[in-house]
Amino acid sequence: AINRDVPDSLVQAGDSASLAALKRAGVTVIPVARNSNYLSVNFVSAFNTDDEVIRLLASLKDQLVWVKMDGLKLSDTAIAILSKCTQIRRLQLNNSSISDQQLERFKSLSNLQSIHLVGTAITPKGLMAISKLPHLKKLYIYKTAFSGSDFTSLQQQFKGIQIDTGNYQVPTLLSDTTLVTKPQ
């Protein structure tokens with residue numbers, strides 16, 4: 001079977017009470033595709049991100065495939081709930097409080113394809129916890145506790161996985177404008 005970031009199988013609609021409560025908390029909840037019950041959940045505009053709100057995700061664990069929780073303070077309760085949402089394909093936790101110990105709970109996310117850990121305290125040792133996830137394709141780890149030497153061992157541990165460290169170097173082309181002059 002082709003493994004895409006949306007499951008091929010059909011799923012029943014998510015719990016309407018949980019969906020309504022998430023929306024009331026300012027969480028953006030949308031279907032990932034037209035006529036799909038699989039969901040994308042984004043906490044960027046949420047004004048309430050406490051465990052009570054995050055607990056609502058548990059009743060949507062079969063529908064959740066894309067989760068964005070950038071900038072959140074994630075309790076162990078929140079991590080435990082996320083670790084049970086095993087349909088998740090994309091998980092964005094940039095600038096969140098996730099720790100190495102919490103990341104270890106995500107060994108259960110067997111469908112995970114990409115994880116964003118930019119600006120977190122995750123270390124190379126912590127990252128090893130998810131190195132055996134079978135479908136992981138992309139790892140975003142810039143602005144984390146990694147050095148250049150860590151990168152070599154990470155590439156060996158995460159064979160075939162795109163590791164984005166954010167250290168981009170863009171070459172200057174002959175066609176680029178490199179001389180700035182005053183307008184005539």
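Residues numbered from 1 in each chain as written. Predicted model: local features only at pLDDT ≥ 70, side-chain atom pairs only at ≥ 80, totals over all residues. Heavy atoms only, no water.

Student: Would you mind showing me how to read helix α1 (residues 16–24) here?
Tutor: Each full turn of the α-helix corresponds to 3.6 residues, which orients residues three or four apart in the same direction. For α1, the full list of buried residues reads Ser 18, Leu 19, Ala 21 and Leu 22. Buried positions in α1, seen along its axis, are confined to an arc of 165 degrees and lie on one side of it. Exposed side chains of α1 directed beyond 90 degrees from the buried face belong to Ser 16, Ala 17 and Arg 24. Residues of α1 that are buried in the fold lie against β1 (28–31), β2 (39–42) and α2 (51–54). Just downstream of α1 lies Gly 26, where phi reads positive at about 90 degrees. (Buried < 20%, exposed > 50% of the residue type's maximum accessible area, 1.4 Å probe, protein only. Helix = DSSP H or I, 4+ residues; strand = E, 2+ residues; numbered from the N terminus. Arc of directions from axis to C-beta. Contact = heavy atoms within 4.5 Å.)

Student: Any chance you could explain the pairing of strand β3 (residues 64–68) here in plain terms?
Tutor: The two faces of the sheet receive side chains in turn, since in a regular strand these alternate between them. Taken across its 5 residues, β3 has 4 buried, putting it largely inside the fold. Examined bridge by bridge, β2 and β3 share 4 bridges and lie parallel to one another. Each residue of the ladder has a partner; that of Val 41, found in β3, is Val 67. Handedness of the crossover joining β3 and strand β4 (residues 90–92) through helix α3 (residues 76–83): right-handed. (Pairing = 2+ DSSP bridges. Right-handed = clockwise from strand over helix to strand, strands pointing away.)

Student: Looking at this model, I keep getting lost on the environment of Gly 26. Mind explaining?
Tutor: Examined against the element boundaries, Gly 26 turns out to sit in the loop between α1 and β1. A sequence separation of 40 residues divides Gly 26 from Trp 66, and the C-alpha atoms of the two residues are 17 Å apart. Not counting chain neighbours up to four residues away, the residues in contact with Gly 26 comprise Ser 45, Ala 46 and Phe 47.

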